[in-house]
Amino acid sequence: MVEAVIWLIAFVAILFLCYARWEASVSPGLDKVMPAVMATRGENRLVWSLALAVLGATTLVRPVDILLIVILLGLVGLIGMKLLSWATRKANS
């Protein structure tokens with residue numbers, strides 16, 4: 001129960017800060033980090049603020065879970081890229 005309350009407080013705080021400072025810092029910061037296709041250009045303020053709030057609150061409350069998920073996704077991506085590379089080499093030869 002305490003974990004859920006802490007998560008909700010963190011979620012609301014991050015959501016408020018992202019939404020309030022969207023034009024000044026969040027949108028330009030996202031545009032620098034994201035590829036051109038995913039750049040916000042000042043649009044989708046609520047969607048990006050919600051996504052950042054969920055990720056931020058979850059990272060604050062359960063950092064080990066987030067770290068393990070990132071490691072797992074990295075391994076799956078690496079294996080997928082190796083399999084794709086192997087398949088294209090087999091198809092070309």
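One can find the structure itself at the top, above this paragraph.
Residues numbered from 1 in each chain as written. Predicted model: local features only at pLDDT ≥ 70, side-chain atom pairs only at ≥ 80, totals over all residues. Heavy atoms only, no water.

How should I be thinking about the overall build of the chain in this particular structure?
Looking only at helices and strands, the chain features four helices and zero strands. Against the globule reference of 12 Å for 93 residues, the chain gives a C-alpha radius of gyration of 18 Å, more extended than a compact globule. Considering only C-alpha atoms, the chain reaches an extent of 55 × 35 × 15 Å along its principal axes. A burial count over the chain gives 14% of its 93 residues as buried. (Helix = DSSP H or I, 4+ residues; strand = E, 2+ residues; numbered from the N terminus. Rg over C-alpha atoms; globule rule 2.2 N^0.38 Å. Buried < 20%, exposed > 50% of the residue type's maximum accessible area, 1.4 Å probe, protein only.)

Would you take a moment to explain the nonpolar core for this structure?
Note that soluble globular proteins tend to have their nonpolar side chains buried in a common cluster. Among the nonpolar cores identified, the biggest contains five residues, and these are Cys18, Trp22, Val26, Leu30 and Trp48. Take this core: its biggest share by element is three residues, from helix α2 (residues 22-33). The residues touching Trp48, leaving out its near neighbours within four places in the chain, are Trp22, Leu30, Met34, Met38, Thr40 and Glu43. (Core = buried A, V, L, I, M, F, W, Y, C linked by side-chain atoms within 4.5 Å. Contact = heavy atoms within 4.5 Å.)

Can you walk me through the packing of α2 against helix α3 (residues 45-61) in this structure?
Relative placement of two packed helices is described by the angle separating their axes and the distance separating the axes. One way to put it is that α2 packs onto α3 with a least axis distance of 12 Å and a crossing angle of 75 degrees. Relative to α3, the element α2 is oriented roughly perpendicular. Residues Trp22, Val26 and Leu30 of α2 touch α3, and the partners they reach there are Arg45, Trp48, Ser49 and Leu52. Its residues assigned to classes, the contact of α2 with α3 comprises five nonpolar, one polar and one charged. (Axes fitted to C-alpha atoms, helices over the stretch in contact; angles between N-to-C directions. Parallel < 35°, antiparallel > 145°, perpendicular 65-115°, else oblique. Nonpolar A, V, L, I, M, F, W, Y, C, P; charged D, E, K, R; others polar.)

Help me understand the side chain of Ser27, please; the structure alone is not making it clear to me.
With respect to the helices, strands and loops of the structure, Ser27 is situated in helix α2. Apart from residues no more than four positions distant in its own chain, Ser27 is found in contact with Trp22, Thr40, Arg41 and Gly42.

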